[in-house]
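Residue-level structural notes
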Amino acid sequence: MKRRKFIQNASLTGIGVAVGTSIVAGNSKVEKEKELVSSIFKVNTPIVLATWNVPESTQKAWEILENGKSAIDAIEQGCMVEEANEKGQSVGKGGLPDRDGNVTLDACIMNEEGNYGAVVYMQNIVHPISVARKVMEDTPHVILAGKGAEQFAVSVGFDRENLLTEASKKAWEEWKIKSDYKPIINIENHDTIGMLAIDKNGDISGGCTTSGLAYKMAGRVGDSPIIGSGLFIDNEIGGATATGLGEEVLKTVGSFLIVELMRQGKSPQEACEEAIQRIVDKNSDFKNFQVGYIALNKKGEIGAYSIHEHFSYTLYKENENKNYKSEFYNKS
Ligand code: ASP
């Protein structure tokens, strides 16, 4: 961490520049600074935070972190749990298809160094989060789309598989009778995952994976795989991730906004609330769609806020893996 940035971070704690000054006078090695930052923040790591009620995913991520692995490993493995869960109809295998009956997946991952990888509109591969990581680590690019993403996945060893389960096919066939595209406020059994984790080194990474909105137009890509919208990580500050109507998150670059608000001194909770407020202020129609955010800062503080009731998040911290109701805007 650069010295100036470190001092800014230290001042975020309220401890102030005096602490930073003692570091400046002492050893400036990155590892020493990291140790000092952890002791100042007294962060009880690891921490895993995810959108919705996904205890198996957070459990998996926690186990990886407890074994001393990095946050990026935990994010990938945690997200994979829901991607493989055929019962979840908004992520991975079993996700609801677009209006033509094709299951198309979006995912991204971002590590503590600010590296990012994503796949958008990818079909026939169960684990887009892992392909996104491969894009980040093994290619000169950050986003691969559609057929190209699928071809790349196969070339690095992923198997093709039909992602449309009988249950999702049936739901789509029922939807086709009226073919009325209307995003439903996602309040029940939702499992699109945005996940943030801090490992034992105090490093933060994040991931986001989804099958997107049910019965969307062919070719539609939401916020989830787009850096700054569905996910943003800055290892000096923290991270944020989103769920809900992606179009609204995209238009306000919600996750980046939250991280920048935290940089300016807002708590994760205050930052999530302001990001929701921005959406509400621009949309008289806000009663008809849901957006939810979660955020985690380097002090281990968390925030969660949504437009409507019934958004929830799962937090694994201090040996407790629990689902919590989020605060929300629309009380009427
Ligand atoms: N944000 C996702 C999208 O718009 C969907 C969701 O989280 O419900 O694709």
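Keep in mind that this is a model prediction, so the values were computed, not measured. (Residues numbered from 1 in each chain as written. Predicted model: local features only at pLDDT ≥ 70, side-chain atom pairs only at ≥ 80, totals over all residues. Heavy atoms only, no water.)

Remarks on the site of the ligand
Close contacts around the ligand come from 13 residues, with Arg220, Asp223, Thr243, Gly244 and Gly246 the closest. Between the ligand and Arg220, the relevant distance is 2.7 Å, taken from an oxygen atom to a side-chain nitrogen or oxygen of the residue. Contact distances for the ligand include 2.7 Å between an oxygen atom and a side-chain N or O atom of Thr243. Contact with the protein chains hides 99% of the accessible area of the ligand, taken as 270 Å² for the molecule alone. Its residues placed into classes, the shell around the ligand shows 1 nonpolar, 10 polar and 2 charged. (Near = heavy atom within 4 Å. Polar contact = N/O pair within 3.5 Å; in protein donor to acceptor, adjacent residues only side chain to side chain. Areas by Shrake-Rupley, 256 points an atom, 1.4 Å probe, with all protein chains shown as cover. Nonpolar A, V, L, I, M, F, W, Y, C, P; charged D, E, K, R; others polar.)

Describing the packing of aromatic side chains
A full pass over the atoms with the stated rule returns 6 aromatic pairs. Relative to Tyr329, the ring of Phe286 has its centre 5.6 Å away and its plane inclined at 80°; by these criteria the two rings are edge-to-face. Residue Phe286 is found in the loop between helix H11 (268-282) and strand S9 (291-297), and its partner Tyr329 is found in the segment after strand S13 (327-328); the two are separated by 43 residues along the sequence. Overall, Phe286 belongs to the buried group, its relative accessible area being 13%. Under the relative-accessibility criterion, Tyr329 is labelled partly exposed at 29%. Against the face of Trp172 rests Lys176, its NZ or CZ located 3.9 Å from the ring centre. Lys331 extends its terminal NZ or CZ atom over the ring of Phe328, reaching a point 4.7 Å from the ring centre. (Phe/Tyr/Trp six-rings, centres within 6.5 Å; stacked < 30°, edge-to-face > 60°. Helix = DSSP H or I, 4+ residues; strand = E, 2+ residues; numbered from the N terminus. Buried < 20%, exposed > 50% of the residue type's maximum accessible area, 1.4 Å probe, protein only. Lys NZ or Arg CZ within 6 Å of the ring centre and 35° of its normal.)

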